[in-house]
Amino acid sequence: MAGTWIFVEQRDGNIRKVTFEMLSEAKKFGDEVSAVVFGKGVAGLAPELAKYGADKVYVADADVFANYNTGAYVAQMAAMISEFSPNAVLFAHTFNGRDFASRLAQKLELGLATDAIALELSAGKGVFTRAIYAGKAIAKVEVAGAPVLGTIRAGVWEVVEAAGAGAVVEAAVAASDADVYQVVKSFEPTVSARPDLSEAAIVVSGGRGCKGPDGIKLVEGLADLLGAAVGGSRASIDSGWLGHELQVGQTGKVVCPNLYIACGISGAIQHLAGMSSSKYIAAVNTDTEAPIFNVSDFGVVADLFKVIPTLVGELKK
Amino acid sequence: MKVLVCVKQTFDTEAKIEIKDGKIADAGINLIINPYDEVAVEGGIQLKEKKLADEVVVLSAGGDKAMDAIRTALAMGADRGILIKQDTAADEYARAVVLAAAIKDENPDLILAGHVAADDGSSQVPTRVAEILGLPHVNVITNIELADGKATCSSEADGGTQVTEVSLPAVVSSQVSWNEPRYPSMKGIMQAKKKPVATVDAAAADNKVNIVEFSLPAAKQAGVKIEDEPEVCAAQLADWMKNTVKVEVK
Ligand SMILES: Cc1cc2nc3c(=O)[nH]c(=O)nc-3n(C[C@H](O)[C@H](O)[C@H](O)COP(=O)(O)OP(=O)(O)OC[C@H]3O[C@@H](n4cnc5c(N)ncnc54)[C@H](O)[C@@H]3O)c2cc1C
Ligand SMILES: Nc1ncnc2c1ncn2[C@@H]1O[C@H](COP(=O)(O)O)[C@@H](O)[C@H]1O
C-alpha cells in the first residue's frame, strides 16, 4: 500500500477538528498516514498535524491555493495522486470537501463514498458505512480504485494524539490561475463567539417551543455557559429567531456532538435526521408524548422557560 | 437563455424505511421531487418570470414513476421535460454520465440541481456533471444573479457565506433557503398534462460503487424521562450532565 492521505481542511491556517479526527482514525488502518495541505504559507502547520499521527505532510504552497477553489485544487491533487499513488484519499464532508472530492472523483473516473460514518480500508478497497434516508437506514458500500476516495462526517471519530514524524514533502505546484473558474467575490465569516455548529462538542437547540427571541435567549445563555454551539429546528429558523446556517436536520446541518440538548423541539423525523447520531441527547419539552423523547437519553417533561434558568443556576454551582 | 433543471424523484421525507430481500422496499412509498430540486425548479421558473430565461426544461433519470416528478415540475411552471430511463440503482457516477449526455444534447446556458438528494444524500451528481461537461459549478447556492454571461451566486460556505462568480454555461446546485417553492395550481396541473415530455434510453454507464448491504440502525435504548416540578427536573438534568456526560461549565 502507498499510504492513506488525509486532506487538511483549513482556512487562514486554522485547521478544522475533523482533520485531526481523520488522522487519528487513519492510524488504525495500519498504513502510513499523510496529511495533505494546500494553501499559502502553510508549511508551518506540519507540527500540528504530526501531533495527531501524520508521518508525512505533503504541502502545496502557492498563491493560487490561498483559498479553496475547486479548479486549482483538483488539478493539484490529480497531479499529486499520479506522482505518489496513495492508496486512499479522505476528505472531510464539509462544503469544500464534498465539492473537491466529487469533482476529483469524476476527473479520475472513480467512485466516491460521501458522508461516511465508518470505514474499513485495505489495499485498493474501502468499505464505507453511510447513513442514508436521513439516518433511517444504513448502507455499507464498497469503493474500489486507485486511490479509494471518501468524505467523512465530522464528529464520528475521536481525536487521539499520536506522534507522527511530520516530515514535510513539498509538492511541485501543478495548478495555475488558468485552472480557476470560480471567482470568489467575497467571503463573509459567521461572526460568532460560539463554536462552529458542525464541529461543536455540545449543541443546544431551540424550537418553536421557545416561542420567540426571549426563549432563544435562554437557549443561547445555556449554550454559552457550556461553550456550546446554538442550533435550531426549522420552525425557529423559519420564524426568523435564528439564522439559516443554524438549522439542524435533513435540510439543515447534520451534527454529531457529544451532547445535544433539544429545547422546545418536538422531534419531527426531519429534525432527528440531523442530530440522532449525537452521543448523548437531552430534551426539554412540555409534551410527554413528544417524539424527541424516543431518542433522548435524558428527557425532562417541563416548561423550558422555568427549567433552563434553574438548570443554569445548578450547573454554575 | 435556456435553463435546465435536474430533478431526482425521492421518497417522501416522512416515509418509513423497511428492508426487503436485501433492498430498501419501495412498495407503498409516496414519491416526491427531492426537496432541494423543488427549490431549483422554483429558481428556474423565477428566472423565466423575470425574463432572464426563455425556457425551463426539467430532466430526470429514473424509472417510469419519475414521470410524476417531471409532471409536478411542469405543473409548477417548467416548459417541457426529459425522462431518461435508468435503473434507480445507478450510482452517482452512472447518473452523472447519463445526465451529462442529455444535457450536452440540450446545450443549456444554466444547469440547476439540488445540492444533495434526500434519499442517499451523496452531494456528488451536479459537480460530477460539471466535470464531465467541462463547465464551472457552484454548490449550495442561496441566490443567483445573471448578467453579462455570468452567474453571481451567494452560497453557504464552511464557516460563513460567500459570493462566487462563474461564467455561463455553468452548473449550480441549490440550498433550500434560496426560495419557497410554489404549489402547482389547478390550472398548472391541467396545463402540465399537455406539455411535452421526451423519453429517452440511458447511455451505458456502469456503477463504480457497489452496495455491500443495507441495514436499519439499531433502535435507540429508551432513556430516562422525568415529569416533576421544573426545579426538580432542572436539578436532575444538571446532575446527569455533570456526572454522566461530564460537561464542563465555562
Ligand atoms: C422536506 C422537509 C424538510 C425538513 N427539514 C427540516 C430540518 O432540516 N430541520 C427541522 O428541524 N425541521 C425540518 N422540517 C420540518 C419538520 O417537519 C418540523 O416541522 C419541525 O422540525 C418542527 O419544529 P419544532 O420541533 O421546533 O416545532 P413543533 O413541532 O411545533 O414543536 C414544538 C415543541 O415545543 C414544545 N413546547 C411548547 N411550549 C414549550 C415550553 N414552554 N417548554 C418546553 N417545550 C415546549 C411542544 O410540546 C412541541 O413539542 C422539514 C420538513 C420537510 C417537509
Ligand atoms: N436520477 C437523477 N435525475 C435527475 N437529477 C438527479 C438524479 N440524481 C441526482 N440528481 C441531481 O443531483 C442532485 C444531487 O444528488 P446526489 O448527488 O445524488 O445527492 C439532486 O438534487 C438532483 O438535482
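Residues numbered from 1 in each chain as written. Chains lettered and ligands numbered in written order. Predicted model: local features only at pLDDT ≥ 70, side-chain atom pairs only at ≥ 80, totals over all residues. Heavy atoms only, no water.

Q: Would you explain the site of ligand 1 in this entry?
A: Close to ligand 1 lie 29 residues, the nearest being Arg208, Ser233, Thr251, Ser266 and Gln270 of chain A. Positioned at a junction of chains, ligand 1 has nearby residues supplied by chains A and B. A distance of 2.9 Å is found between a nitrogen atom of ligand 1 and a backbone nitrogen or oxygen belonging to Leu304 of chain A. Here ligand 1 has 990 Å² of accessible area as a free molecule, and 80% of this is covered by the chains. Residue assignment for the shell around ligand 1 shows that the elements contributing at least two residues are helix H6 (234–238), helix H7 (269–275), strand S16 (280–285) and helix H8 (304–316) of chain A. Looking at the shell around ligand 1 residue by residue, the classes come out as nine nonpolar, 15 polar and five charged. (Near = heavy atom within 4 Å. Polar contact = N/O pair within 3.5 Å; in protein donor to acceptor, adjacent residues only side chain to side chain. Areas by Shrake-Rupley, 256 points an atom, 1.4 Å probe, with all protein chains shown as cover. Helix = DSSP H or I, 4+ residues; strand = E, 2+ residues; numbered from the N terminus. Nonpolar A, V, L, I, M, F, W, Y, C, P; charged D, E, K, R; others polar.)

Q: Could you clarify how one ought to interpret the sheet that holds strand S7 (residues 113–122) of chain A in this entry?
A: Strands in a sheet are paired, the pairing made by backbone hydrogen bonds, and the direction either parallel or antiparallel. In space, the 10 strands of this open sheet follow the order S11(A)-S5(A)-S4(A)-S1(A)-S6(A)-S10(A)-S7(A)-S8(A)-S9(A)-S14(B), with mixed pairing throughout. Here the strands that pair on one side only, and so sit at the sheet edges, are strand S11 (167–170) of chain A together with strand S14 (209–215) of chain B. Neighbour-to-neighbour, the strand axes of this sheet turn through a mean angle of 30°, independent of strand direction. (Pairing = 2+ DSSP bridges. Axes fitted to C-alpha atoms, helices over the stretch in contact; angles between N-to-C directions.)

Q: How should the interface of chain A and chain B be read in this particular structure?
A: Interfaces are often sized by the accessible area lost when the parts come together. Tallying the contact residues gives 84 residues for chain A and 76 residues for chain B. It is Arg103, Tyr133 and Phe298 of chain A in chain A that bury the most area against chain B; as a group they hold 11% of the surface buried on that side. Its salt-bridge partner being Glu165 of chain B, residue Lys185 of chain A comes within 3.6 Å of it at the nearest N-O pair. The element contributing the most residues to the side of chain A that touches chain B is helix H4 (residues 95–107) of chain A, with nine residues. Here the residues of the side of chain A that touches chain B sort into 38 nonpolar, 24 polar and 22 charged. In this sheet, strand S15 (residues 224–227) of chain B lies alongside strand S17 (residues 298–301) of chain A in parallel orientation, the contact comprising four bridges. In the sheet register, Val301 of chain A faces S15 of chain B, and the bridge partner there is Glu227 of chain B. (Contact = heavy atoms within 4.5 Å. Buried area = accessible area lost by both parts, 1.4 Å probe. Salt bridge = Lys/Arg side-chain N within 4 Å of Asp/Glu carboxyl O.)

Q: What am I meant to see in unusual backbone geometry here?
A: Among all residues save glycine, negative phi is the norm, and among peptide bonds the norm is trans. Cis geometry marks the peptide bond from Ala146 of chain A to Pro147 of chain A, where omega comes out at 0°. Structurally, the position occupied by Pro147 of chain A is in the loop between strand S9 (137–144) and strand S10 (148–152). Along the chain, Leu168 of chain B connects to Pro169 of chain B via a cis peptide bond; the corresponding omega equals -5°. As for its position among the elements, Pro169 of chain B is in the loop between strand S11 (160–167) and strand S12 (170–174). In this model, Asp21 of chain B sits at a positive phi of 50°, which is unusual for a non-glycine residue. Relative to the elements of secondary structure, Asp21 of chain B occurs in the loop between strand S3 (19–20) and strand S4 (23–24). For Asp21 of chain B, a relative accessible area of 74% gives the class exposed. Here the phi dihedral of Lys51 of chain B falls at roughly 65°; this positive angle occurs in a residue that is not glycine. Looking at the element boundaries, Lys51 of chain B is found in the loop between helix H1 (35–49) and strand S6 (55–62). (Buried < 20%, exposed > 50% of the residue type's maximum accessible area, 1.4 Å probe, protein only.)

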